[in-house]
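Structural characterization, general
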Amino acid sequence: MSFFGIILPLILLIGIIVIFLMSGAMSSQEVATEPPRGSSHAGGKQSLYERLGGTAAIDAAVDIFYRRVLADAYVKPFFEGVDMEKQAAKQKAFLTMVFGGPHSYSGKDMREAHKHLVHEMGLNNSHFEHVLAHLRSTLAELGVDDGTIQEVIDIAESTRDDVLDR
Ligand code: HEM
């Protein structure tokens with residue numbers, strides 16, 4: 001048996017197979033540890049933004065939401081003279097941001113945005129409750145499950161003290 005004729009080519013062949021297998025194992029490891037495309041959370045958990053259905057779903061929800069808000073005589077007066085197209089665009093960007101989607105909100109913070117409504121128009125807890133109820137019923141209408149609705153409500157709830165300037 002010749003060393004150069006059989007054993008050396010055999011060693012080279014085994015070496016190539018080992019390198020090939022190792023590179024395959026490494027690249028599949030890279031794939032496994034990478035977060036899903038478009039996810040803002042490490043570890044593979046989808047953001048609330050993604051679970052709601054992304055931009056299209058949030059756009060649809062905000063449009064229905066403001067239709068409900070403006071149909072409610074108790075809260076409608078606050079939106080008198082407000083450009084609702086711009087308002088909806090700001091709300092879409094704000095919610096997208098707080099739900100873990102792309103950050104494009106450049107509007108005011110919640111205290112600044114609502115301060116004048118509190119001090120000049122008497123915006124209070126019961127108006128806030130109406131708005132939360134419209135948000136809840138909008139998401140239910142769109143078929144969002146109860147657990148996810150509650151997550152959205154919890155985030156909206158977390159803005160209450162700022163919105164009511166207290
Ligand atoms: C769930 C909590 C709320 C959130 C997350 C929210 C979000 C927003 C955002 C993002 C803006 C735009 C800010 C800007 O102009 O840069 C805004 C403005 C406004 N919000 Fe809210 N809002 C909430 C509660 C309320 C409530 C309870 C009312 C009244 C019933 C209200 C009435 C308004 C009005 C009238 C404006 C426009 C103010 C203006 O342009 O002069 N909001 N809100």
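Residues numbered from 1 in each chain as written. Predicted model: local features only at pLDDT ≥ 70, side-chain atom pairs only at ≥ 80, totals over all residues.

1. Considerations on the overall build of the protein chain
Helix and strand content of the protein chain: eight helices and zero strands. Starting at the N terminus, the α and β elements of the protein chain follow one another as α-α-α-α-α-α-α-α. Sequence separation of at least 24 residues holds for 65% of the intrachain contacts in the protein chain that already meet a minimum separation of 6. (Helix = DSSP H or I, 4+ residues; strand = E, 2+ residues; numbered from the N terminus. Contact = placed C-beta atoms within 7 Å.)

2. Re the site of the ligand
Around the ligand, the surrounding shell holds 20 residues, and the nearest of these are Phe-94, Gly-107, Lys-108, Ala-113 and Ala-156. For the shell around the ligand, the secondary-structure elements that each account for two or more residues are helix H4 (84-98), helix H5 (110-121) and helix H6 (125-141). A total of four residues in the shell around the ligand trace back to one element, the largest contributor, which is H4. In the shell around the ligand, the residues fall into twelve nonpolar, six polar and two charged. (Near = placed C-beta within 6 Å. Nonpolar A, V, L, I, M, F, W, Y, C, P; charged D, E, K, R; others polar.)

3. Observations concerning the packing of helix H3 (residues 54-70) against H4
The N-to-C vectors of H3 and H4 enclose an angle of 135°; their axes lie 10 Å apart at closest approach. Viewed along their axes, H3 and H4 adopt a mutual orientation that is oblique. Judged by the twist between their axes, the crossing of H3 over H4 is right-handed. Residue-level inspection shows Thr-55, Ile-58, Asp-59, Val-62, Asp-63 and Tyr-66 of H3 in contact with H4, the latter providing Met-84, Ala-88, Gln-91, Lys-92, Leu-95 and Thr-96. (Axes fitted to C-alpha atoms, helices over the stretch in contact; angles between N-to-C directions. Parallel < 35°, antiparallel > 145°, perpendicular 65-115°, else oblique. Left-handed = near helix turned anticlockwise from the far one by under 90°.)

4. Structural notes on the confidence of the model for the protein chain
Chain-level pLDDT for the protein chain is 86 on average; 76% of the residues reach the 70-or-more range. Ignoring residues within four places in sequence, the model shows residues 27-40, a span with pLDDT below 50, making ten contacts including any to other chains. (pLDDT = per-residue confidence, 0-100.)

5. Digging into the environment of Gly-100
Here Gly-100 shows up in the loop between H4 and H5. Assessed through the 19 C-beta atoms surrounding it within 10 Å, Gly-100 is described here as partly exposed. Residues Gly-100 and Glu-50, 50 residues apart in the sequence, show an inter-C-alpha distance of 8.1 Å. (Buried ≥ 20, exposed ≤ 12 C-beta atoms within 10 Å, placed from the backbone.)

6. Thoughts on unusual backbone geometry
Most peptide bonds take the trans form, and the phi angle of most residues other than glycine is negative. In this structure, Asp-165 is a non-glycine residue whose phi angle is positive, near 45°. In this structure, Asp-165 sits in the segment after helix H8 (160-163).

7. Examining the environment of Met-97
The topology assignment puts Met-97 in helix H4. Along the chain, Met-97 and Tyr-49 lie 48 residues apart, while their C-alpha atoms are 8.3 Å from each other. Once you skip the residues sitting within four places of it in the chain, Met-97 turns out to touch His-103 and Tyr-105.

8. Side note on the environment of Leu-48
Along the chain, Leu-48 falls in helix H2 (residues 48-52). On the basis of neighbour count, Leu-48 is assigned to the partly exposed category, with 18 C-beta atoms found within 10 Å. In this structure the C-alpha to C-alpha distance between Leu-48 and Thr-148, which are 100 residues apart in sequence, comes to 7.7 Å. Leu-48 has contacts with Phe-99, Gly-100 and Glu-151, leaving out every residue within four places of it along the chain.

9. A word on the nonpolar core
Ala-61, Val-62, Phe-65, Leu-135 and Leu-139 are the most contacted members of the largest nonpolar core, which has 13 residues in total. Every element with two or more residues in this core is listed here: H2, H3, H4 and H6. Take this core: its biggest share by element is four residues, from H3. When sequence neighbours within four positions are dropped, the list of residues in contact with Leu-139 reads Ala-61, Val-144, Ile-149 and Val-152. (Core = buried A, V, L, I, M, F, W, Y, C linked by C-beta atoms within 7 Å.)

10. So, H3
Compared with the 24 Å implied by 1.5 Å per residue over 17 residues, the 24 Å span of H3 between its first and last C-alpha is a close match. All of the buried residues along H3 are Ala-61, Val-62, Phe-65 and Val-69. Axial view of H3: buried residues confined to an arc of 100°, hence all on one face. Looking at the buried positions of H3, the neighbouring elements they touch are H4 and H6. (Expected span 1.5 Å × (residues − 1). Arc of directions from axis to C-beta.)

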